[in-house]
Each structure stands twice: as structure tokens, then as C-alpha cells.
Amino acid sequence: MTRPRPDTQPEKDEAAAVEAFLHANPGFLAARPQLYAVLAPPRRVHGEPLADHMTAMVEAGRETWRNLLEAGRTRRNFGGKVAEAVLALIAAADPFDCVRDEWPARLGVESCRLIAAVPGTAPMARDVTRASPALHGEAAPLVTREALLRVGDHTLVLGAREAADLPNEPEVLAFLAKALAAVLAR
């Protein structure tokens, strides 16, 4: 007669406890779809209830991928907008007019201003609860995220209504500031 190994008994006890809990609480997993992402999917051989479990797991995985793809699109879109803004800047007769008049629409933000240098600026976007009219002018009541970028003797001020419109991408923001500095230095 083969005796069970002593080290497998705790696993069996835990498995039995989990099984009993799930029997007593059949809606537990349905109420917590995020748990499907950590479960190993069953094979689809036992009929509809199990297929529903698999469908829920697949849908949880799809949702994760949708979120990742959307975040990637936002980043790519902002980088593309920055490239368009830099091309417009290169072609512009007056860089100050381009920043003020063209960049808001090209970058998809509420305000773009080039002002006297503000100390402590860095290429990063930050959320603000109340934007300064001194920085954003008439757009200040709409701005919930801003970036202050040092550009030589100036500061480039960007203000956006939504955080997604001005992602915190230091490399992209630094590139925008460097391109503007290069044009202003001509």
C-alpha cells in the first residue's frame, strides 16, 4: 500500500479549502475579474460553464493589452505631434509667432508661451490644481497639466486640459526645447 508523501498533504488541504470556498461563493471570481489574469486557463473540453471561465480570462487579458496599446498610442501620438511642431518651427518666419499661434493646435494643448526664464525648470510635465495666469494667460482656468522647459534665456510653457494631452515624457519634451533653442540661436 502506497502512503501519500507527507509534504503533499498541506497542498491538498489548501486545495480542498479553496475548492470549498469557491463552491460556497460561486460569484467570487466573477466579482474580481483581475484575478483571471493570474490563473492558468483551463482546456476547453467540459462544456459551457468552463468556457465562460475561459472567456472571462481571455477578456481580462485583452483588457490589459488594450490599456497597454492605448498608452503606447498616446506616447507615439505626442511624439508625432512634437515632430510636426518642430517642422512648423523650422519653416516659420518668426519662431515666437509659431510657438504662440501654431504650436497649441499642433501639440494638442491649450497654451504654448515663450516667456522670460523661470528658475528651476526641467523637461517634465506635472499636474497642477490651479494654473497660473502669468504662465498660461487666458487658458489658465483650463490647464490641469503643465510643462516648463528651459530654452536658453527663455522658458517654454505648455499647458494642457487633460494629462493625456501632455504626457510626462522628459526625452520628448527635452527634444522640443532643444529644437526651439536651436532655432532661436540662429
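Residues numbered from 1 in each chain as written. Predicted model: local features only at pLDDT ≥ 70, side-chain atom pairs only at ≥ 80, totals over all residues. Heavy atoms only, no water.

## Section: the packing of aromatic side chains
Here is step 1 of the chain: Applying the stated criterion across every chain, the model contains one aromatic pair.
Here is step 2 of the chain: With a centroid separation of 5.0 Å and an interplanar angle of 85°, the aromatic rings of Phe21 and Phe28 are classed as edge-to-face.
Here is step 3 of the chain: Taking the relative accessible area as the measure of exposure, Phe21 reaches 37% and is therefore partly exposed. (Phe/Tyr/Trp six-rings, centres within 6.5 Å; stacked < 30°, edge-to-face > 60°. Buried < 20%, exposed > 50% of the residue type's maximum accessible area, 1.4 Å probe, protein only.)

## Some thoughts on the sheet that holds strand E2 (residues 125-127)
Here is step 1 of the chain: Read from one edge of the open sheet, four strands run E1-E4-E3-E2, paired in antiparallel fashion. The open sheet is flanked by strand E1 (111-116) and E2, the only strands paired with a single partner. If you compare each strand with its neighbour and ignore which way they point, the axes differ by 25° on average.
Here is step 2 of the chain: Of the pairings in the sheet, the one linking E1 to strand E4 (residues 154-160) comprises six bridges and is antiparallel in character. Looking at E4, one finds that Leu114 is bridged to Leu156.
Here is step 3 of the chain: Strand contacts of helix H3 (residues 95-107): E1 and E4, with the helix running at about 150° to E1, the strand carrying the most contacts.
Here is step 4 of the chain: Contacts between helix H5 (residues 170-184) and the sheet are confined to E1, E2, strand E3 (145-151) and E4, with E3 contributing the most and set at about 40° to the helix. (Pairing = 2+ DSSP bridges. Helix = DSSP H or I, 4+ residues; strand = E, 2+ residues; numbered from the N terminus. Axes fitted to C-alpha atoms, helices over the stretch in contact; angles between N-to-C directions. Contact = heavy atoms within 4.5 Å.)

## Comments concerning the pattern of salt bridges
Here is step 1 of the chain: Applying the stated criterion across every chain yields a total of six salt bridges.
Here is step 2 of the chain: Residues Asp97 and Arg100 are paired through a salt bridge, measuring 2.8 Å at the closest nitrogen-oxygen approach. One end of the pair, Asp97, and the other, Arg100, are both in helix H3, three residues apart, so they sit about a helical turn from each other.
Here is step 3 of the chain: Residue class for Asp97 comes out partly exposed when judged on its relative accessible area of 30%.
Here is step 4 of the chain: On the accessibility criterion, Arg100 (47% relative accessible area) is partly exposed.
Here is step 5 of the chain: In this structure, Asp127 and Arg145 form a salt bridge, with 2.7 Å as the shortest nitrogen-oxygen distance. Taken as a pair, Asp127 in strand E2 and Arg145 in strand E3 lie far apart in primary sequence, 18 residues in all.
Here is step 6 of the chain: The exposure class assigned to Arg145 is buried, which follows from its relative accessible area of 13%.
Here is step 7 of the chain: One salt-bridge network, held together by shared partners, links Asp97, Arg100 and Asp101. (Salt bridge = Lys/Arg side-chain N within 4 Å of Asp/Glu carboxyl O.)

## Focus: H5
Here is step 1 of the chain: Here H5 is 15 residues long and its end C-alpha atoms lie 21 Å apart, about the 21 Å a rise of 1.5 Å per residue gives.
Here is step 2 of the chain: Residues of H5 that are buried include every one of Val172, Leu173, Ala174, Leu176, Ala177, Ala179, Leu180 and Val183, and no others. (Expected span 1.5 Å × (residues − 1).)

## Some details on the nonpolar core
Here is step 1 of the chain: Among the nonpolar cores identified, the biggest contains 28 residues, and Trp103, Leu107, Leu156, Leu158 and Leu176 are the most heavily contacted of them.
Here is step 2 of the chain: Those elements that place two or more of their residues in this core are helix H2 (48-91), H3, E1, E3, E4 and H5.
Here is step 3 of the chain: Counting residues per element, this core draws most heavily on H5, which supplies seven residues.
Here is step 4 of the chain: The residues contacting Leu107, other than those within four sequence positions of it, are Phe78, Lys81, Val82, Ala85, Cys112, Leu158, Asp165 and Leu176.
Here is step 5 of the chain: Grouped together as the second largest cluster of nonpolar side chains are five residues, Val128, Ala139, Ala140 and Val143 included. (Core = buried A, V, L, I, M, F, W, Y, C linked by side-chain atoms within 4.5 Å.)

## Comments concerning the side chain of Thr155
Here is step 1 of the chain: Mapped onto the fold, Thr155 is located in strand E4.
Here is step 2 of the chain: Exposure remark for Thr155: the relative accessible area of 0% places this residue in the buried category.
Here is step 3 of the chain: The contact partners of Thr155, leaving out residues within four places of it in the chain, are Arg113, Leu114, Ile115, Ala116, Ala117, Val118, Thr121, Leu148, Leu149 and Arg150.

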